[in-house]
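Below are the chains, spelled out letter by letter.
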Amino acid sequence: MSASSWASRRLLLAHPRLAGLFLSRPGGANAMRLGEATFRILARGGVGGKRAVDATRALLTYTLGFAAMEVPREPESAERLERAAALIEGLDPEEFAATRALARELAAHPGDAEFDAGLRWLIGGIAAEGEGGGGG
């Protein structure tokens, strides 16, 4: 699952318009192949039926959403980071104390490390479901 999510993300970053096309034209041959591979991997981990469908949707949503967030509207630079952080730091300190405290982290474009962390969290939760954890 991890390798296919990474490969999908790389493809989406290389061709940013693909995310919209994928969402507007579900069910193509390559999408079906990706789904089939994911269902087989999940089955080996003990996740089947509706949980496999839910897990596949969660992985796809995460990968598409992360890539969409990651495609920068403006290239990363010290100046862009400073402007973005200043906007966050300029929020009302009483209403947005927690957000302001994370201004520098929020201002930075996400990348490989952030994608990997979220993917590991997501796969860990799916694996726990396959082991009988988390009723639902």
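Scope of this entry: the structure provided in the associated data block. (Residues numbered from 1 in each chain as written. Predicted model: local features only at pLDDT ≥ 70, side-chain atom pairs only at ≥ 80, totals over all residues. Heavy atoms only, no water.)

According to the stated counting rule, one finds four aromatic pairs in the structure shown. Where Tyr62 meets Phe115, the ring centres are 5.3 Å apart and the plane angle is 20°; that geometry is what we call stacked. Here Tyr62, found in helix α4 (residues 49-70), pairs with Phe115, found in helix α8 (residues 112-130); they are 53 residues apart in sequence, far enough to count as distant. When the centroid spacing of 5.3 Å and the interplanar angle of 65° are considered together, the rings of Phe66 and Phe115 count as edge-to-face. On the criterion of sequence distance, the pair formed by Phe66 in helix α4 and Phe115 in helix α8 is long-range, its members being 49 residues apart. Exposure remark for Phe115: the relative accessible area of 0% places this residue in the buried category. By the ring-pair criterion, three or more aromatic residues cluster together here, those being Trp6, Tyr62, Phe66 and Phe115. (Phe/Tyr/Trp six-rings, centres within 6.5 Å; stacked < 30°, edge-to-face > 60°. Helix = DSSP H or I, 4+ residues; strand = E, 2+ residues; numbered from the N terminus. Buried < 20%, exposed > 50% of the residue type's maximum accessible area, 1.4 Å probe, protein only.)

Moving on: the nonpolar core. Core analysis: the largest hydrophobic core is formed by 11 residues, namely Trp6, Leu42, Val47, Ala52, Ala55, Leu59, Tyr62, Phe66, Phe115, Leu119 and Ile126. Of all elements in the fold, only α4 and α8 reach the threshold of two or more residues within this core. Tallying contributions element by element places α4 first for this core, with five residues. (Core = buried A, V, L, I, M, F, W, Y, C linked by side-chain atoms within 4.5 Å.)

A word on helix α5 (residues 78-89). Taking 1.5 Å per residue as the helical rise, α5 with its 12 residues ought to reach 16 Å, and the 16 Å between its terminal C-alpha atoms agrees with that figure. Of the positions making up α5, those classed as buried are Arg80, Ala84, Ala85 and Ile88. For α5, the arc enclosing every buried residue in end-on projection is 125°, short of the 170-degree limit, so these residues lie on one face. Along α5, the residues that are exposed and aim more than 90 degrees away from the buried face are Ala78 and Glu79. As for α5, its buried residues are in contact with α6 (97-101) and α7 (103-107). (Expected span 1.5 Å × (residues − 1). Arc of directions from axis to C-beta. Contact = heavy atoms within 4.5 Å.)

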